[in-house]
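One-letter residues, chain by chain:
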Amino acid sequence: MKGHRIAVIIEEIGQSYQSSILDGISAAAAEFGLNIAAFTSFSGDMDNPRHDMGEFNIFSLPDFSMFDGAILLTNTLSYKPVVNDILKRIKEAGIPAVSIDRDVPDLFYIGIDNTTAMRTITEHMINVHGFRSFAYISGPAGNSESSDRLAGFSAVLKENGIKILEDAIYYGDFRAPTGKLAVEHFFDTLPEMPQAIICANDVMAASAITTLASHGYRVPEDIAVTGFDNTYNSHNYQVELTSVERPLGLSGRLACKMLHDHFNGIQQERRVILNMSARFTESCGCGHNALSDVSQLKKLNYRNYSNFESVQIYMSVLNKMSTQLLACNNYDEYIATLKRAAIEIHPDEFYFCLCDNWASDSSVETPTQKDNAELAVPTVYTEEVNVTIAYVNGEFIECGKIKSRDILPDIASNGEKGKLYYITPLHFGERCLGYMAIRSTKHAMQNIMFQTFCINICNSLENIRKLMCLEYAVARLGNLYAQDTFSGIYNRNGFVLATKDIYEDCMKNQRKIMLMFIDLDGLKVINDTYGHSTGDEAICSIADILRKSCTNGEVFCRFGGDEFIVFGADYSEAQAEELTMKITNNIEQFNNSENVKFKLSASTGFVIAIPKNGEDIFYFVTEADKQMYNEKRKKKHSRYLKS
């Protein structure tokens, strides 16, 4: 891509915190002419570790040496080994990187003083409202922001001589369901409900308020609740949240500016700590709902209705796409259907990239399969990927294969700077299938429905992969039914299937057929002299000679043991004699080679006839066998071994 390429590492873009920062990054990308590839995944709320493994795999895709810089929101990733691997690869690539809300040595850092902010909220609840009984809903224990906020809360309680029960602190994951689970936990474990519940973010606080209401508790009259980050718009909820207002969008913009200044040699501080302010409103008992202006009420209703309408339209597109993709019976039909779905989400660009081995029927490696690891499907991206769909500015373009480290095909380098692509994984469980790259759609991608969009595509792609594997398995079973597994040519079943239609046509239209019977001479002598493995070689050698000799559409098979038959349509006596001679010459050529220790010999016999009604093909096999036997009686069978 033209301009500097920036990799963004971020998890759960449907959450308001991540979404707000991405808005800032998106606006700044255009401002500073940066091209952004945002590698994102959805994990943690599926309660499925195998699904999470497949999601996290997207962070192994970027080769950071191919980028000019990176913006990291590693605090949104819950799996430490993934975070450590990303930081290690960033360091090895030697590119500048900005870490938001997690101070990493040697990286630029943009953050806030979480401890002081939470202290301000907690002190307000004690000093202004006089609360002495608290519960706390925390983020993950290992998250630095979460730990700092809890530390600020705990320090204020200690300074004021307030003790808190162990069960009154609930560790969650910054997602909405945590708020509900935490309140239910407090109901079950605490001797009485607290006067106030302090939450580490707004999402959990909003969910806690809803759950309290379902149990008959009023906020703030019965229990006060506070949030953090101020990600809910004013009046956007039944109770305005007391929260910490912080410039999330500015964090995204400053991250881009720091990289831009670095590229241009502008001196700057490594660390930037942004200002924030506590916002005390309804949920803690400060102020009243100020929504009395009718015009403001109309604006709020219109905004909410517009959001609802957008959701309805998006869901309609998703439901139709899901049913249509799952109804596909083959790969070509699937790709055609997905192309139609891509048009409906109105992206400026959409790339659907599949790993070389995406359709593998191998099982994912398990600990008991380590000795056969080469048989397991890889759980990493292949060196090359197939760009099966490239939709650019309203038209589909053929791109073929690209290096997976390039992420996007060359067509993406055309046009303006300041692009932002979302790179999401295609997987099923830990099975890596590929990835998608999407830029600018009519429907918001920083939305839970975009997660549904991705899941629907992944599940339907896996459905097609399994159909393809099933067809492949059926074909292999068909081969086992029709193929002589020993010599590799048709067996009797395969011979019957291969000759059925043409034999019936010859019977119907009075066309001549040729049936030749071939019997290997002296197999017992070879077996007795050299062993059965050498006798097996002799049988396979006759099969190879038939492959070499039957080049005019004949059908041949191993009839059984050391016996073979050949069928041909529209054959004359002369042609049959010619084929017999060709087989004889090829046997002689085989015997003259120096890499075999036995002499190969075969007796042949054939019949030429027009089949009549009631005569199946094996009638002519019997007749050809008689001709072959007459020839065999003329031979001397004393030796079939090389001297």
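Below you will find a few notes about this structure. Owing to the predicted nature of the structure, the values given are computational and were not obtained by experimental measurement.

This paragraph deals with the overall build of the protein. If you tally the helices and strands in the protein, you get 16 helices and 22 strands. Here the protein displays about 30,000 Å² of accessible surface, and carbon together with sulfur accounts for 49% of that area.

Another point: the environment of Ile502. Along the polypeptide, Ile502 turns up in helix 12 (residues 492–508). Ile502 sits in the partly exposed class, given a relative accessible area of 31%. Put simply, Ile502 and Ala569 are 67 residues apart on the chain and 7.6 Å apart in space, counted from C-alpha to C-alpha. Excluding anything up to four places from it in sequence, Ile502 contacts Arg511, Phe567 and Ala569.

Here we come to the layout of surface pockets. By volume, the second largest pocket amounts to about 600 Å³. Taken together, 31 residues make up the lining of the second largest pocket; nearest its centre are Asn75, Thr76, Pro140, Asn143 and Phe174. Listing elements by their share of the lining of the second largest pocket, those giving two or more residues are helix 1 (16–32), helix 3 (80–93), helix 5 (144–159) and helix 7 (202–214). Here the lining of the second largest pocket is composed, by residue class, of seven nonpolar, 15 polar and nine charged.

Residues of helix 13 (residues 523–530) that are buried: Leu523, Ile526 and Asn527. One side of helix 13 holds all its buried residues, which, seen down the axis, span an arc of 100°. Of the exposed residues in helix 13, those oriented more than 90 degrees away from the buried face are Lys524 and Asp528. Just past helix 13, the residue Gly531 takes up positive phi, approximately 100°.

With that settled, consider the side chain of Arg5. Here Arg5 lies in strand 1 (residues 4–11). At 5.8 Å, Asp406 is the nearest oppositely charged side chain to Arg5, a buried residue that forms no salt bridge. A polar contact of 3.1 Å, which involves the side chain of Arg5, links it to the backbone oxygen of Met66. In this view, Arg5 contacts Asn35, Met66, Phe67, Asp68, Gly69, Asp406 and Ile407; residues no more than four positions away in its chain are not counted.

Let's shift gears to the packing of helix 13 against helix 14 (residues 532–549). The relative placement of two packed helices is expressed as an angle between their axes plus a distance between the axes. Contact geometry of helix 13 with helix 14 gives a least axis separation of 7 Å together with a crossing angle of 145°. When helix 13 is examined against helix 14, the residues Leu523, Ile526, Asn527 and Tyr530 are found in contact with a partner set consisting of His532, Thr534, Gly535, Ala538 and Ile539.

Grouped together as the largest cluster of nonpolar side chains are 144 residues, with contacts concentrated most on Phe39, Phe352 and Phe453. With near-sequence residues (within four places) excluded, Phe39 lies in contact with Ala7, Val8, Ile9, Ile10, Ile58, Phe59, Leu61, Pro62, Phe67, Ile407 and Ile423. In terms of nonpolar packing, the next biggest core, distinct from the first, is built from 28 residues, Met516, Ile545, Leu579 and Phe598 among them.

The tally for this structure, following the rule as stated, stands at 37 salt bridges. One salt-bridge network, held together by shared partners, links Asp101, Glu145, Arg149, Asp229 and Arg246.

In this section: the pairing of strand 18 (residues 431–439). Of all nine residues in strand 18, nine are buried; the element is thus mostly enclosed. Taking the residues between adjacent antiparallel strands as the criterion, strand 17 (residues 420–428) and strand 18 are bridged by two residues, where Gly429 takes a positive phi near 60°.

So, about helix 10 (residues 331–344). The end-to-end C-alpha distance of helix 10, which contains 14 residues, comes to 20 Å, matching closely the 20 Å that a straight helix rising 1.5 Å per residue would cover. Within helix 10, the full set of buried residues consists of Tyr334, Ile335, Thr337, Leu338, Ala341 and Ala342. The arc enclosing the buried residues of helix 10, seen along the axis, measures out at 165°, which places them on a common side. Two or three places before Asp332, at the opening of helix 10, Asn330 has a side-chain oxygen 3.3 Å from that residue's backbone nitrogen. Backbone geometry just downstream of helix 10 places His346 in the positive-phi region, at approximately 55°.

Inspection of every chain in the model, using the stated rule, returns 19 aromatic pairs. Ring geometry for Phe187 and Tyr217: centres 5.5 Å apart, planes at 45°, overall tilted. Residue Phe187 is located in helix 6 (residues 176–189), and its partner Tyr217 is located in the loop between helix 7 and strand 9 (224–226); the two are separated by 30 residues in the primary sequence. Note on Phe187: relative accessible area 22%, which makes it partly exposed. An aromatic cluster is defined as three or more aromatic residues linked by ring pairs; in this entry it consists of Phe42, Tyr422, Phe450 and Phe453. The ring of Phe67 carries the charged tip of Arg5 above its face, separated from the ring centre by 4.6 Å.

Read from one edge to the other, the open sheet built from four strands follows the order 7-6-8-9, with strand pairing classed as parallel. Looking at which strands have only one partner, the edges of the open sheet turn out to be strand 7 (169–171) and strand 9. In this sheet, adjacent strand axes meet at a mean angle of 15° when their direction is disregarded. Here strand 6 (residues 134–138) runs beside strand 7; their pairing, made up of three bridges, is parallel. Among the inter-strand pairings, Ile137 is bridged to a residue of strand 7, identified as Tyr170. Along the sheet, helix 4 (residues 114–127) makes contact with strand 6, strand 8 (196–199) and strand 9, crossing strand 8 at roughly 170°.

The next point concerns the sheet that holds strand 20 (residues 555–560). Strand pairing in a sheet relies on backbone hydrogen bonds. The paired strands run either parallel or antiparallel. Reading across from one edge, 20-21-19-22 is the order of the four strands in this open sheet, with antiparallel pairing throughout. Only two strands of the sheet have a single partner each, and these edge strands are strand 20 and strand 22 (602–609). Ignoring strand direction, the axes of neighbouring strands in this sheet form an average angle of 20°. As paired elements, strand 19 (residues 513–520) and strand 21 (residues 563–569) share seven bridges and run antiparallel to each other. Across the sheet, Phe517 pairs through a bridge with Ile565, a residue of strand 21.

Turning our eyes to something else, we now look at the packing of helix 6 against helix 7. Relative to each other, helix 6 and helix 7 sit at 50°, their axes nearing to 7 Å. By the angle between their axes, helix 6 is oblique relative to helix 7. Considering how the two elements wind past one another, helix 6 and helix 7 form a crossing that is right-handed. Residues Ala176, Thr178, Gly179, Lys180, Val183, Glu184 and Phe187 of helix 6 pack against Val203, Met204, Ser207, Ala208, Thr211 and Leu212 of helix 7. Looking at the contact of helix 6 with helix 7, its residues break down into seven nonpolar, four polar and two charged.

Here is what the cut-offs are and how they apply
Residues numbered from 1 in each chain as written. Predicted model: local features only at pLDDT ≥ 70, side-chain atom pairs only at ≥ 80, totals over all residues. Heavy atoms only, no water. Helix = DSSP H or I, 4+ residues; strand = E, 2+ residues; numbered from the N terminus. Areas by Shrake-Rupley, 256 points an atom, 1.4 Å probe, with all protein chains shown as cover. Buried < 20%, exposed > 50% of the residue type's maximum accessible area, 1.4 Å probe, protein only. Contact = heavy atoms within 4.5 Å. 1 Å grid on protein atoms, 1.4 Å probe; cavity = no way out; pocket = protein on both sides within 12 Å on 5 of 7 lines; lining within 4 Å. Points joined across faces, edges and corners; volume = space filled by probe spheres on them. Nonpolar A, V, L, I, M, F, W, Y, C, P; charged D, E, K, R; others polar. Arc of directions from axis to C-beta. Lys, Arg positive; Asp, Glu negative; His and termini not counted. Salt bridge = Lys/Arg side-chain N within 4 Å of Asp/Glu carboxyl O. Polar contact = N/O pair within 3.5 Å; in protein donor to acceptor, adjacent residues only side chain to side chain. Axes fitted to C-alpha atoms, helices over the stretch in contact; angles between N-to-C directions. Core = buried A, V, L, I, M, F, W, Y, C linked by side-chain atoms within 4.5 Å. Pairing = 2+ DSSP bridges. Expected span 1.5 Å × (residues − 1). Phe/Tyr/Trp six-rings, centres within 6.5 Å; stacked < 30°, edge-to-face > 60°. Lys NZ or Arg CZ within 6 Å of the ring centre and 35° of its normal. Parallel < 35°, antiparallel > 145°, perpendicular 65-115°, else oblique. Left-handed = near helix turned anticlockwise from the far one by under 90°.

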